[in-house]
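Survey of secondary and tertiary structure
Next come the chains, spelled out residue by residue.
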Amino acid sequence: MATIAALLSSLLIFSAFSLGNALSLNHYDKTCPDVEATVANVVKQAAMADKKVSAALLRMHFHDCFLRGCDASVLLDSVNKNTAEKDGPPNASLHAFYVIDNAKKAVEACCPGVVSCADILALAARDAVVLAGGPTWEVPKGRKDGRISKASETIQMPSPTFNISQLKQSFSQRGLSLDDLVALSGGHTLGFSHCSSFQSRIHNFNATHDTDPTMHPAFAASLRSVCQKKNSVKNAGATMDPSPTTFDNTYYKLILQGRSLFSSDQALLTFPKTKNLVHKFASSKESFKKAFVNSMIKMSSITGGQEIRKHCRVVN
């Protein structure tokens, strides 16, 4: 409790992001006491049917929080002339929205009009990590759902091609530190990436090198065999690490071996503090898990919504 309270109170507030209504661990104790168990059950059923769900939900939550705060704006469908966040280029590969739909339906059956979609997504992301073998934590609740979702704003998302300066700026704008940057990057222990996210590292890297010289040659060669220069295979790509459905610290070990997929992953070795943290997390799974929990609580506490949606895909 004390750790969570300290994290919430220390979160930096910027003009575009705010703690808004204070979050609390007991927000639904009286109004919807079974919300956590209800969401956890839906996520568990989905993850049992499809191992890729855990990575999808964690990424969805991250992408939600980085635009307009954790307000479930990423869940809104495009309507009329408005193209929503989920249809912006960085979000094109987001999936498993049906899990949140199902969780919302189950929660509404217990406590109609009480629990926000933003809180359901935050809980689902935590449950997804636990089901993948990662740590658990108590999720502060009380988020509101946003009414604005614009694909044009997804350009603000951190890119897999970012260097360390760009990463530092992107995270600091959201009140997140270098510690948070390295810990949250560990979410790349789960999931799959399409070739487009790392193509620039393995073909025509620069005038001197065809492939990124920081990449292990054998690893680069294996990626080049999957991702051709003129790639015509729609869903070609690679898993983020050799155990893409297991939450562990392999990601950090791969960075040190030159076997990470993204430029933004390898960039963590180009600044002393982030490099030290990569070494720390590579050598200690427990240190990583503790840092990840703290940073997830901090990131998921950036709020910005106004209402409790009846359906997660549309505003009231």
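Parameters at a glance
Residues numbered from 1 in each chain as written. Predicted model: local features only at pLDDT ≥ 70, side-chain atom pairs only at ≥ 80, totals over all residues. Heavy atoms only, no water. Phe/Tyr/Trp six-rings, centres within 6.5 Å; stacked < 30°, edge-to-face > 60°. Helix = DSSP H or I, 4+ residues; strand = E, 2+ residues; numbered from the N terminus. Buried < 20%, exposed > 50% of the residue type's maximum accessible area, 1.4 Å probe, protein only. Disulfide = S-S within 2.5 Å. Salt bridge = Lys/Arg side-chain N within 4 Å of Asp/Glu carboxyl O.

**Some points on the packing of aromatic side chains**
Inspection of the entire model under this criterion finds 11 aromatic pairs. With centroids separated by 5.0 Å and ring planes inclined at 65°, the aromatic side chains of F66 and F171 adopt a geometry described as edge-to-face. Of this pair, F66 sits in the loop between α3 (53-65) and α4 (97-110) while F171 sits in helix α6 (residues 164-172), and the two are 105 residues apart along the sequence. Here F66 matches F171 in class, with each residue buried. Their ring planes at 75° and their centres at 6.2 Å tell us that W137 and F292 sit as a pair that is edge-to-face. With W137 in the loop between α5 (117-131) and α6 and F292 in helix α13 (residues 285-299), this pair connects stretches of sequence that are 155 residues apart.

**Here's the deal with the state of the cysteines**
If you walk through the whole model with that rule in mind, you get four disulfides. Here C32 engages in a disulfide with C111; their sulfurs sit 1.9 Å apart. Where C32 bonds to C111 through sulfur, the torsion about that S-S bond is close to 55°, and the disulfide is right-handed. Of the two residues, C32 is situated in the loop between α1 (2-10) and α2 (35-49) and C111 in the loop between α4 and α5; the sequence distance between them amounts to 79 residues. On the basis of relative accessible area, C32 is assigned to the buried category, the value being 2%. Note on C111: relative accessible area 7%, which makes it buried.

**Regarding the pattern of salt bridges**
Evaluation of the coordinates by the stated rule reveals 15 salt bridges. Between R147 and E307 there is a salt bridge, with its nearest N and O atoms 2.8 Å apart. Residue R147 is located in the loop between α5 and α6, and its partner E307 is located in the segment after α13; the two are separated by 160 residues in the primary sequence. You can call R147 partly exposed: its relative accessible area is 43%. Of the charged contacts in the structure, one is a salt bridge between R224 and D210, with a shortest N-O distance of 2.7 Å. A residue pair is termed long-range when its members are at least 10 positions apart, and R224 in helix α9 (residues 217-226) and D210 in the loop between α8 (199-202) and α9 qualify at 14 residues. Given the relative accessible area of 29%, R224 is considered partly exposed. One continuous salt-bridge network, built from bridges that share partners, spans E36, R126, D127 and K141.

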